[in-house]
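# Topology and contacts: notes
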Amino acid sequence: MSAHGDHDMGHTIAGWTGSVIAILGFTVAGAALALGSAAGLWAGGILTALGALASWLLHLAGWGKPTGPRPPAHRHWRTPDPAGRGGHPHCLGCRLAGRTPAPAPTPVQDRRRISA
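The structure presented is a predicted model; accordingly, all values stated were derived computationally and were not measured.

So, on to the overall build of the protein. Within the protein one finds four helices and zero strands. For the protein, the residues scored as buried account for 22% of the 116 residues in total. Across the protein, the fraction of contacts at a sequence separation of at least 24, relative to all contacts at a separation of at least 6, is 52%. With an accessible surface of roughly 7800 Å², the protein has 69% of that area assigned to carbon and sulfur atoms.

Turning next to the environment of Ala61. Counting through the fold element by element, Ala61 comes out in helix H2 (residues 38–63). In this structure the C-alpha to C-alpha distance between Ala61 and Gly87, which are 26 residues apart in sequence, comes to 9.7 Å.

Here we take up H2. Given 3.6 residues per helical turn, the α-helix brings residues three or four places apart onto the same face. Between its first and last C-alpha atoms H2 spans 35 Å; for 26 residues at 1.5 Å apiece the expected length is 38 Å, and the two agree. Listed in full, the buried residues belonging to H2 are Gly40, Gly44, Gly51, Ala54, His59, Leu60 and Gly62. In this structure, the buried side of H2 is in contact with helix H1 (13–35) and helix H3 (92–96).

So, about the environment of Ala31. With respect to the helices and strands, the residue Ala31 is situated in helix H1. Sequence separation between Ala31 and Leu41 is ten residues; the distance between their C-alpha atoms is 8.4 Å.

Looking at the element boundaries, Asp81 is found in the loop between H2 and H3. Not counting chain neighbours up to four residues away, the residues in contact with Asp81 comprise Gly62, Gly64, Pro66 and His88.

Taken together, the side chains of Trp42, Ile46, Leu50, Leu53, Trp56, Leu57, Leu92 and Leu96 define a hydrophobic patch exposed on the protein surface, amounting to about 850 Å² of accessible area. Counting residues per element, the ones that place at least two in the nonpolar patch are H2 and H3. Broken down by element, the residue count for the nonpolar patch peaks at six residues, all from H2. When you line up the elements, Trp42 lands in helix H2.

What follows deals with H1. For H1, spanning 23 residues, the distance from its first C-alpha to its last is 33 Å, which sits close to the expected 33 Å at 1.5 Å a residue. As for H1, its buried residues are in contact with H2. Phi turns positive one or two residues past the end of H1, at Gly36, with a value near 75 degrees.

Turning our attention to the side chain of His59. Within the element layout of this structure, His59 appears in helix H2. Leaving out residues up to four positions away in the same chain, His59 has contacts with Ala14, Gly64, Lys65, Gly84, His88, Cys91 and Cys94.

About the thresholds
Residues numbered from 1 in each chain as written. Predicted model: local features only at pLDDT ≥ 70, side-chain atom pairs only at ≥ 80, totals over all residues. Heavy atoms only, no water. Helix = DSSP H or I, 4+ residues; strand = E, 2+ residues; numbered from the N terminus. Buried < 20%, exposed > 50% of the residue type's maximum accessible area, 1.4 Å probe, protein only. Contact = heavy atoms within 4.5 Å. Areas by Shrake-Rupley, 256 points an atom, 1.4 Å probe, with all protein chains shown as cover. Expected span 1.5 Å × (residues − 1). Patch = residues over 30% accessible without salt bridge, like charges linked within 9 Å, V, L, I, M, F, W, Y side chains within 5 Å. Salt bridge = Lys/Arg side-chain N within 4 Å of Asp/Glu carboxyl O.

Structure below.
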């Protein structure tokens, strides 16, 4: 995302897929509300829930991102997260899936590893 400089905008396959499905669900529900269709409202609600589920499942499959900025090499939206399948520290979605990743190293531990 060169238009944004060195800023991690968080574009991921999981995020875009879930967002598109959820927007479709809101659109269907809005049209159904205007038309007075109860079945359309249900369909829109189900599509919206499927958007959240699709985003979560793709995140767990490694197509999401951890909390915070990613390293520059992993910022392209088509780059899978190499640590995604093991779980991300401080990630509610990973904890809901039963994943308990190792805690992220502190900056002091990183400096020791680099100097060794």
